[in-house]
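Letter by letter, the chains look like this.
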Amino acid sequence: RMSSLAGRLARIFAGTGPKVRRTFAWSLHRVLQVAAPPSPFSDARLQFVPVRIEEQERLALLDSGAQLNLLRPGALDNLSYISLRAPEMSFAGVQGHRSAVKECVLVPLELSEGSTEMVPFAVTADSPADLLLGVPFLRQVRAKVDFGSDVLQTRNGVLPLVTRAKALATVAITALGDAVR
């Protein structure tokens, strides 16, 4: 939530002068420009769900219109997953572009503390995100999306929905707080 980010900033900058705050604002602007170059996800309405795969934090694009969970090749390098038999399969995207599925995999996604789901993904080079969670995932976890509160309610808990810029800002603020201490 934005109020928690503001509170963290207030604690970090307590007792600092305006020059420090201006320097931070400029630095954060540069971090966001470098870390978040223009992409198909620059639309603020797109929502991401933070997940963990073997202790690695990831942002998964939430797409309630996708009929498959998609994964880019290489997104799971050095991580454990179960490879399923690769079907001879392709799918059509929004504009009708055909995409080949390289393989199907089961990936253990930790959604919240103590809640892990084995999620099936189709691996394709044409995935718009490293991890895209579509209708199969939403059904599997019995999801209810609350856009008013920016949360995804699942059968095992509640996950925050975040925009890409907000997630990057949180990372930058956390890093700054660690550096100031």
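The structure this text deals with has already been given above.
Caption draft 1: Layout of the overall build of the chain. Per the secondary structure count, the chain includes four helices and twelve strands. When each of the 181 residues of the chain is scored for burial, the buried share is 33%. A sequence separation of at least 24 residues applies to 56% of the contacts in the chain between residues at least 6 apart. As presented, the chain carries roughly 10,800 Å² of accessible surface, and 56% of it is formed by carbon and sulfur atoms.

Caption draft 2: Focus on the nonpolar core. Grouped together as the largest cluster of nonpolar side chains are 24 residues, with contacts concentrated most on L71, V107, L109, F121, L133, F137 and L152. Only β1 (48-53), β2 (56-62), β7 (103-112), β8 (115-123), β9 (131-133) and α3 (135-140) provide two or more residues apiece to this core. Residues in contact with L152, not counting those within four places in the same chain, are V49, L62, F137, L138, A143, K144, V145, G157, V158, L159 and L161. By size, the runner-up hydrophobic cluster in this structure holds eleven residues, among which are L61, A66, V101 and A129.

Caption draft 3: Representation of the pattern of salt bridges. Applying the stated criterion across every chain yields a total of four salt bridges. Across the salt bridge formed by E57 and R52, the nearest N and O atoms sit 2.3 Å from each other. Residue R52 is classed as partly exposed on the basis of its relative accessible area, which comes to 22%. Here E117 makes a salt bridge to R155, at a shortest N to O gap of 2.7 Å. On the criterion of sequence distance, the pair formed by E117 in strand β8 and R155 in the loop between β11 (151-154) and β12 (157-160) is long-range, its members being 38 residues apart. You can call E117 buried: its relative accessible area is 6%.

Caption draft 4: Spatial organisation of the sheet that holds β11. Ordered in space as β10-β11-β12, the three strands form an open sheet in which the pairing is antiparallel. Unpaired on one side and paired on the other, β10 (144-146) and β12 mark the two borders of the sheet. Averaged over all pairs of adjacent strands, the angle between their axes in this sheet comes to 25°, without regard to strand direction. Relative to β11, β10 is paired through three bridges, and the arrangement is antiparallel. If you follow D146 over to β11, its bridge partner there is V151.

Caption draft 5: Quick look at the pairing of β1. Sheet topology note: the β1/β2 ladder contains six bridges and is antiparallel. Paired with F48 across the bridge in β2 is L61. Linking β1 to β2, which pair antiparallel, is a turn of two residues; within it E54 sits at a positive phi near 50°.

Caption draft 6: The environment of P73, seen in detail. Assignment of secondary structure puts P73 in the loop between β3 (70-71) and β4 (82-84). With relative accessibility at 40%, the residue P73 sits in the partly exposed group. For the pair formed by P73 and E103, sequence separation is 30 residues and the distance between their alpha carbons is 9.4 Å. Setting aside its immediate chain neighbours within four residues, P73 contacts K102, V123, T124 and A125.

Caption draft 7: Structural context of the pairing of β2. Where β2 meets β9, two bridges bridge the pair, whose relative direction is parallel. Each bridged residue has a counterpart across the sheet, and for L61 the counterpart in β9 is L132.

Caption draft 8: Broad picture of the side chain of N69. Its place among the elements puts N69 in the loop between β2 and β3. Assessed through its relative accessible area of 2%, N69 is described here as buried. Of the polar contacts made by the side chain of N69, one reaches the backbone oxygen of P120; its length is 2.9 Å. A polar contact of 2.8 Å, which involves the side chain of N69, links it to the backbone nitrogen of G134.

Conventions adopted
- Going along each chain's sequence as written, the residues are numbered from 1 onward.
- Reporting of local features is limited, given that this is a predicted model, to residues whose pLDDT is at least 70; pairs of side-chain atoms are given and counted only at 80 or more, and all residues count toward the totals for whole chains, interfaces and linings.
- By convention in this description, side-chain values take in all heavy atoms of the structure and omit both hydrogens and water.
- The helix count covers DSSP runs of H or I at least four residues long, the strand count covers runs of E at least two residues long, and both are numbered beginning at the N terminus.
- Partly exposed describes any residue whose relative accessible area lies between the buried limit of under 20% and the exposed limit of over 50%, with all areas from a 1.4 Å probe on protein chains only and scaled to the type maximum.
- Contact definition: two residues touch when any of their heavy atoms are within 4.5 Å.
- All accessibility values rest on the Shrake-Rupley procedure with a 1.4 Å probe; residue burial counts only the protein chains present in the view.
- Among buried residues, those of type Ala, Val, Leu, Ile, Met, Phe, Trp, Tyr and Cys that are joined through side-chain atoms within 4.5 Å constitute a nonpolar core.
- When a carboxyl oxygen of Asp or Glu lies within 4 Å of a side-chain nitrogen of Lys or Arg, that pair is called a salt bridge.
- Strands qualify as paired when DSSP identifies two bridges or more between them.
- Note on method: axes are straight lines fitted to C-alpha atoms, helices fitted across the in-contact stretch only, with angles between N-to-C directions ranging 0 to 180 degrees.
- Counted as a polar contact is a pair of N or O atoms within 3.5 Å, where, for protein atoms, one must be capable of donating a hydrogen and the other of accepting one, and residues adjacent in sequence contribute only when both atoms are in side chains.

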